[in-house]
Amino acid sequence: MRPNAPRAAVLTLAALAALAGAAAASGCAPDVVVTLVAVSAPFTPTEVVVRSGEYELRAAMTTGSFQSGETFGLTLHGAAAGPYTVCVAATRLAEHLGGCSSGDLRWLGRNDVTVHLSSPAEATAPPPDLRRPFNGERVGNVARTESLRPTFSWRVPPGAPTGYELQYSSAPDFPDTPATTTLVTAGTTYRPSDALPVSNKPPVGTRYRWRVRALFADGSGSAYSFVRFVHVGRDAHDFNGDGFADVAIAAPGHDSQTGEVRVYFGPAPDPAAPDLILAGGAAGDLFGQQVAFAGDVDADGFADLVVGAPFEVEGTERHGAVYLFRGRAAGVVSPAPDEIVQGSGEGQQFGGALAAAGDVNGDGFDDVIVGAPAPPPAPALGGAFLFCGSCAAATGELLHASGRLSAQPPYQFGFAVAGAGDVNGDGYADVIAGAPLQTDGAGDVVGAFGLAFGRANDVTAVPEVNALPALADRYVCGRDAGEKYGRAVAPAGDVNGDAYADFLVGAPISVTHQ
C-alpha cells in the first residue's frame with residue numbers, strides 16, 4: 001500500500017508476462033496477468049476494460065468489495081501488445097465510480113497503471129456507442145467515387161454532450177500518427193465531403209480505422225470509443241485484389257468425388273475457361289462440398305477462400321478437412337492450399353458447413369466459422385468451430401482454433417453456419433449455427449439455432465475456447481414437429497435500419513409458416 005494514498009478510490013493494474021510457453025498457452029499471443037490492487041478506499045469493481053488499438057477486453061467483476069491493499073488477478077488470454085488504456089467501473093456504497101488511464105504494460109518486466117476512480121461528476125464519461133459502419137464492413141467501389149464517402153454514425157452517450165470529436169485514418173499506427181484526420185461535429189453522423197483516398201493497385205481499396213469521443217460544455221471529453229475498421233472500396237469477394245468481385249464454383253462430384261473448385265476472375269469471366277482450378281486430394285473426399293469467401297483472415301487486403309472436404313480421410317478415419325487459399329494478385333495466385341485444418345474423428349464431417357464469420361474477437365482480422373454436423377454415431381464430435389485469423393505470428397497457423405459451440409445429443413448442431421453480423425451492436429461480429437434435429441420437451445424434432453455474440457478473448461475460459469462460449473448466448477427452438485428449423489442460416493444485413501445486424505433462419509418443412 002502506498003504511504004500517501006489519495007482519498008479517492010484507486011485501482012492499480014500490473015501486467016506480468018510469462019517468459020516461457022506464453023504464446024502456446026494463449027493460442028494467439030502471450031498471456032498477461034492483470035493484478036487489481038485496492039490502494040485506498042474500499043469499493044466494488046464491476047467491470048474492467050483494457051484497450052489497445054483495435055483490441056478490447058471486457059471483464060465483468062463478481063469478486064465483491066475490495067478493502068485497501070487487497071488484490072485480485074485476471075488472466076488476459078491472447079492479449080494484444082501495449083500500450084493500453086485501462087478503464088474501470090465500480091461502486092462504493094450507493095455511488096457509481098469510474099475512470100480511465102493509459103500506460104505501457106509490457107510483456108517483459110512490470111509496469112503499473114493507476115486508475116483513479118472518481119464520482120460521475122469527476123469521472124471520465126463513457127464513450128459513444130458506434131453505429132455504422134460495422135466493424136470490418138465493406139463500403140463503396142473504386143468505380144464509383146461518390147461511394148467512397150462512408151457515413152460514420154454513433155449514439156448519444158450519457159451526460160448531455162455539446163459535440164463530438166471524430167478521428168479516422170488509413171495509417172496502421174492509428175491514432176498515433178500525423179496522418180490521422182481529427183474533426184469536431186455537432187451531430188451524431190458525419191460523411192466526408194470528398195471521397196476518401198484509396199489504393200487503385202492490388203489490393204484495390206483501403207482499410208480505415210475510426211473512433212469517436214463526446215465533448216462537453218466545460219471543455220472536458222469522454223473516453224474514446226472502441227476503434228473500428230472499415231474497408232473502403234474493397235469487395236469481400238475480390239480474390240485477386242483488382243477491384244472486381246470474383247466467383248468460385250464447386251464441383252464436389254468431379255473425378256470420382258475427389259472434387260474441385262473453379263475460380264473465375266471478374267469483371268468478365270469466361271465460363272469455359274476458369275482462371276484457377278483448386279483440386280481435391282483423393283476420391284470420396286467431396287472437396288468443394290462447401291466453399292466460401294472467408295473475408296480477409298490475414299489482413300493483407302485480399303479476400304481469402306475456404307473449401308470444405310467433409311469426407312476427407314486422415315490416417316484411417318474419415319473426419320473431413322477445411323482448406324484455406326489466400327488471395328493474391330492475378331499472376332501470383334496459387335492452386336496449392338496455404339493451410340489445411342483437419343477434423344478430429346471418424347464421421348465428424350468437419351467442413352460440412354463453412355462461412356466467413358467477420359471479426360468475432362475484435363482484433364482486426366476476419367475469422368472463419370466451420371460446421372461439423374457429425375450425424376450418429378459421432379454426435380459428440382459435432383458443433384460449430386471458430387478459427388481466428390490473427391494467430392499466424394504466434395502459432396504459425398493462418399487459422400487457429402479459437403472456440404467451439406456444441407449442443408448434445410445428436411441434434412446436428414453445425415449443419416448450417418453463418419456470420420450474423422453485429423447483432424447486439426457491441427462492435428464484435430456474431431455467429432449463428434443451426435441444429436435442424438433439435439428436439440423439444442415433448443421429444444418432437446423441431447430444430448433450433450444458436451447465436452453466439454463475439455467478444456474479446458475471454459479472461460475466464462481455457463485458451464482453446466477463448467473467443468466463443470461453450471454454449472450459445474441465445475438458443476431458440478422451432479415450433480412445429482419435423483420443420484427442421486435451423487437447416488439454413490444466413491446474415492440479412494440491417495433490414496430495419498436500426499444499426500443492428502439482422503439474420504435469417506430457415507425452416508423448410510414449417511406448418512405454421514408455409
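Relevant structure appears above.
Just so we're clear, the structure is a prediction, and the values are computed from it rather than from any experiment.

J.: Account for the overall build of the chain, with residues named and values stated.
T.: The helix and strand inventory of the chain stands at 3 helices and 34 strands. Here the chain, with 514 residues, has 51% of them falling under the buried criterion. Long-range pairs, those at least 24 residues apart, make up 60% of the contacts in the chain between residues at least 6 apart in sequence. Accessible surface, the chain as shown: approximately 21,000 Å² in total, 54% of it carbon and sulfur.

J.: Run through unusual backbone geometry, naming residues and quoting values.
T.: Look at the link from Arg132 to Pro133: it is a cis peptide, with omega at 0 degrees. Along the chain, Pro133 turns up in the loop between strand 8 (112-117) and strand 9 (137-139). With omega at 5 degrees, the peptide bond leading from Phe174 into Pro175 counts as cis. Residue placement: Pro175 occurs in the loop between strand 11 (163-169) and strand 12 (181-185). Although it is not a glycine, Gln257 sits at a positive phi angle of roughly 65 degrees. Following the sequence through the fold, Gln257 ends up in helix 2 (residues 254-257). Judged by relative accessible area, which is 41%, Gln257 ranks as partly exposed.

J.: Go over the pattern of salt bridges, please, and point to the residues and values.
T.: Side chains bearing opposite charge may pair, as long as their charged atoms lie close to each other. In this structure the tally under the stated criterion is 11 salt bridges. A salt bridge links Arg262 to Glu260, with the nearest nitrogen and oxygen atoms 2.6 Å apart. Classification of Arg262 as partly exposed rests on a relative accessible area of 27%. Residue Glu260 is classed as buried on the basis of its relative accessible area of 10%. Each of Arg132, Glu137 and Asp494 takes part in a single network of salt bridges with overlapping partners.

J.: Before we move on, could you go through the side chain of Asn135 and cite the residues and values that matter?
T.: Relative to the helices and strands, Asn135 resides in the loop between strand 8 and strand 9. For Asn135, the side chain forms a polar contact with the main-chain nitrogen of Phe229, separated by 2.9 Å. Those residues in contact with Asn135, other than ones at most four positions away along the chain, are Phe226, Val227, Arg228, Phe229, Asp359, Gly362 and Gly427.

J.: Can you lay out the sheet that holds strand 23 (residues 321-325) for me, pointing to particular residues and giving the numbers?
T.: Strand order in the open sheet formed by 4 strands is 19-20-23-24, with antiparallel pairing between adjacent strands. Two strands bound the open sheet, and with one partner strand each, they are strand 19 (290-295) and strand 24 (339-342). The average angle at which neighbouring strand axes cross in this sheet is 20 degrees, direction not considered. The pairing of strand 20 (residues 304-309) with strand 23 spans 5 bridges and is classified as antiparallel. Counterpart to Leu305 in the pairing with strand 23 is Phe325.

J.: Can you lay out the pairing of strand 27 (residues 383-388) for me, pointing to particular residues and giving the numbers?
T.: On any regular strand, side chains alternate: one points to one face of the sheet, the next to the other face. A large share of strand 27 lies buried, amounting to 6 of its 6 residues. Side chains of strand 27 alternate between two faces, with Gly383, Phe385 and Phe387 and Ala384, Leu386 and Cys388 buried alike. Sheet topology note: the strand 26 (residues 367-372)/strand 27 ladder contains 5 bridges and is antiparallel. Bridging across to strand 27, Ala372 finds its partner in Gly383.

J.: Can you break down the nonpolar core residue by residue, with the values?
T.: In terms of nonpolar packing, the biggest core is built from 19 residues, with Trp154, Leu166, Tyr168, Trp210, Val212 and Val232 touching the most fellow members. Looking at this core, the elements with two or more residues in it are strand 11, strand 14 (206-215) and strand 15 (228-232). Looking at this core, the element that brings in the most residues is strand 14, giving 4 residues.

J.: Residue-level account of the packing of aromatic side chains, with values.
T.: Counting across every chain of the model gives 12 aromatic pairs. Ring centres of Phe350 and Phe385 lie 5.8 Å apart, and the angle between their planes is 75 degrees; this geometry places the pair in the edge-to-face category. One end of the pair, Phe350, is in the loop between strand 24 and strand 25 (353-358); the other, Phe385, is in strand 27, with 35 residues separating them in the sequence. Note on accessibility: Phe350 and Phe385 belong to one class, buried. Measuring from ring centre to ring centre gives 6.0 Å for Phe350 and Phe387, while their planes differ by 70 degrees; the resulting arrangement is edge-to-face. Of this pair, Phe350 sits in the loop between strand 24 and strand 25 while Phe387 sits in strand 27, and the two are 37 residues apart along the sequence. In this structure Phe350 comes out as buried when scored by relative accessible area, which is 3%. For Phe387, a relative accessible area of 6% gives the class buried.

J.: Explain the sheet that holds strand 18 (residues 276-279) residue by residue, including any values.
T.: A sheet is described by the order of its strands in space; here 3 strands give the open sequence 16-17-18, paired in antiparallel fashion. The open sheet has two edge strands, strand 16 (247-251) and strand 18, and neither has a second partner. Recorded for the sheet is a direction-independent mean angle of 20 degrees between the axes of neighbouring strands. Strand direction decides the pairing type here: strand 16 and strand 17 (residues 260-264), joined by 5 bridges, are antiparallel. Bridging from a neighbouring strand, Val247 pairs with Tyr264 of strand 17.

Calculation rules
- Residues numbered from 1 in each chain as written.
- Predicted model: local features only at pLDDT ≥ 70, side-chain atom pairs only at ≥ 80, totals over all residues.
- Heavy atoms only, no water.
- Helix = DSSP H or I, 4+ residues; strand = E, 2+ residues; numbered from the N terminus.
- Buried < 20%, exposed > 50% of the residue type's maximum accessible area, 1.4 Å probe, protein only.
- Contact = heavy atoms within 4.5 Å.
- Areas by Shrake-Rupley, 256 points an atom, 1.4 Å probe, with all protein chains shown as cover.
- Salt bridge = Lys/Arg side-chain N within 4 Å of Asp/Glu carboxyl O.
- Polar contact = N/O pair within 3.5 Å; in protein donor to acceptor, adjacent residues only side chain to side chain.
- Pairing = 2+ DSSP bridges.
- Axes fitted to C-alpha atoms, helices over the stretch in contact; angles between N-to-C directions.
- Core = buried A, V, L, I, M, F, W, Y, C linked by side-chain atoms within 4.5 Å.
- Phe/Tyr/Trp six-rings, centres within 6.5 Å; stacked < 30°, edge-to-face > 60°.

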